[in-house]
Structure formats: C-alpha cells, structure tokens
Amino acid sequence: MSAINDQQKALLAPAITLISWTFFMEAWMYATRLPAISKYNVKYTSQHLSTDFNRQIPASIRWKADNYNHLHEQPPIFYVIVLMMVFLSQSDGATSKLGLNDSVSGATGLDVNLAWTYVGVRVVHSLVQAIANPIPVRFGVFVTSSFVLLGLTLRTARLVF
C-alpha cells in the first residue's frame, strides 16, 4: 500500500472533523445531562427503561443526547464511503477509470467539497436539534445531508463499477 497523498488527506480531513464534532456533542451532552440528574433528582436503576429516565428530565436536555445518538446512525456510512474512496483510489487505474486527468488519487476536489458539505450540514443538524429542535427544519437539514451522502456514495461507486 502506498503512502497517502495530499488529495487523500484532504478527503480524510472532513471525516476526522465529524468524529471530533461527535466528541464535542458527547461533552455537551454530559455537561447538560449530569447536572440535570441532580437538579431534577432523577431516579434510575437497572430495572428502569431509558424512557423512564428520559421522562424525568426536560426535552431540551435530552436533545443533546438524541443528537449524539444520531451521530452514530448515518455518519458511519460517511466514514466508510470516505475510507473506501481513499482505499480504492490507491489501486492502479482508478483515476483513468474515472476519466479524470486532474485527479491525483481518484478522489477529486468535488469529492472533498461534498465531504466538507456533508460535515457542515451534519453540524447544522446538531445545532438545530440541540438548541431548539424544530422538527420541520431539522428534517430538511437531514434530507439535505442524505442527498449529499448519496452523491458521495454514487461517486464512490464509480470507482468500483
């Protein structure tokens, strides 16, 4: 396996950024949830369901945890797509198969821009959900992120087929 080139690093940077954002959301979740457990005298045991726990704290506190969980649903597909694109672009002929002369690695500037767009939209989704949680707005942001991810998926499929 050859060394990772600058274009591949540029493609990996958005993935690392979204992983870092996930850790930020985890910290925000704990920073709001742990004080709420004391403030609202939350009772919890291994016999209680998560719904029993969640009923005892305000929705605005739960939104951070909900978003943290959402960052473990669709974004792993993004991570796999990015890694596949980097891996597949290291094989011989990937660039020529795409018919791209301006690409060093099979991943193009468009791919990097799509990856950054996906990360940006997911960050917006997190902020919308964690701060106010208007469902129609959040849904629109989610659908946007899904279309961006679909675009990246189709571009990666071109490296395979």
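Just so we're clear, the structure is a prediction, and the values are computed from it rather than from any experiment.

Draft legend 1. Looking closely at the pattern of salt bridges. Per the counting criterion, the structure on display carries two salt bridges. Among the ionic pairs, aspartate 52 bridges to arginine 55, the shortest N-O distance being 3.3 Å. A salt bridge links aspartate 111 to arginine 155; the nearest nitrogen and oxygen atoms lie 2.4 Å apart. On the criterion of sequence distance, the pair formed by aspartate 111 in helix α6 (residues 109-131) and arginine 155 in helix α7 (residues 135-160) is long-range, its members being 44 residues apart.

Draft legend 2. Expanded view of the UniProt feature "transmembrane region" (unreviewed entry) in the protein. When the UniProt feature table is mapped to this numbering, "transmembrane region" (unreviewed entry) covers residues 12-31 and 135-154. Taken end to end, residues 12-31 is 100% helix and 0% strand, and its two terminal C-alpha atoms sit 29 Å from one another. Helix makes up 100% of residues 135-154 and strand 0%. Its end C-alpha atoms lie 28 Å apart.

Draft legend 3. Local environment of the nonpolar core. Within the largest apolar cluster, 24 residues are counted, with the highest numbers of intra-cluster contacts made by Leu11, Leu18, Phe78, Met85, Tyr118 and Leu152. Sorting the residues of this core by element identifies α1 (6-39), α4 (75-89), α6 and α7 as the ones contributing at least two each. For this core, the leading source of residues is α4, giving seven residues. In this structure, tyrosine 118 is in contact with Leu18, Gln74, Pro75, Phe78, Ser145, Val148 and Leu149, ignoring residues within four places of it in sequence. In terms of nonpolar packing, the next biggest core, distinct from the first, is built from six residues, Ala36, Ile37, Val42 and Phe53 among them.

Draft legend 4. Quick look at unusual backbone geometry. A positive phi is found at asparagine 41, a non-glycine position, where the angle reads about 50 degrees. Along the chain, asparagine 41 turns up in the loop between α1 and α2 (50-54). Non-glycine residue asparagine 133 carries a positive phi angle of around 60 degrees.

Draft legend 5. Inspection of α1 at higher detail. Here α1 spans 49 Å end to end across 34 residues, near enough to the 50 Å set by a 1.5 Å rise per residue. Among the residues of α1, the N-terminal cap falls to asparagine 5, whose side-chain oxygen and the backbone nitrogen of glutamine 7 are separated by 3.0 Å. Positive backbone phi, approximately 50 degrees, marks asparagine 41, located one or two places after α1.

What counts, and where the lines are drawn
Residues numbered from 1 in each chain as written. Predicted model: local features only at pLDDT ≥ 70, side-chain atom pairs only at ≥ 80, totals over all residues. Heavy atoms only, no water. Salt bridge = Lys/Arg side-chain N within 4 Å of Asp/Glu carboxyl O. Helix = DSSP H or I, 4+ residues; strand = E, 2+ residues; numbered from the N terminus. UniProt positions renumbered as here; feature names shortened; annotations may be inferred. Core = buried A, V, L, I, M, F, W, Y, C linked by side-chain atoms within 4.5 Å. Buried < 20%, exposed > 50% of the residue type's maximum accessible area, 1.4 Å probe, protein only. Contact = heavy atoms within 4.5 Å. Expected span 1.5 Å × (residues − 1). Polar contact = N/O pair within 3.5 Å; in protein donor to acceptor, adjacent residues only side chain to side chain.

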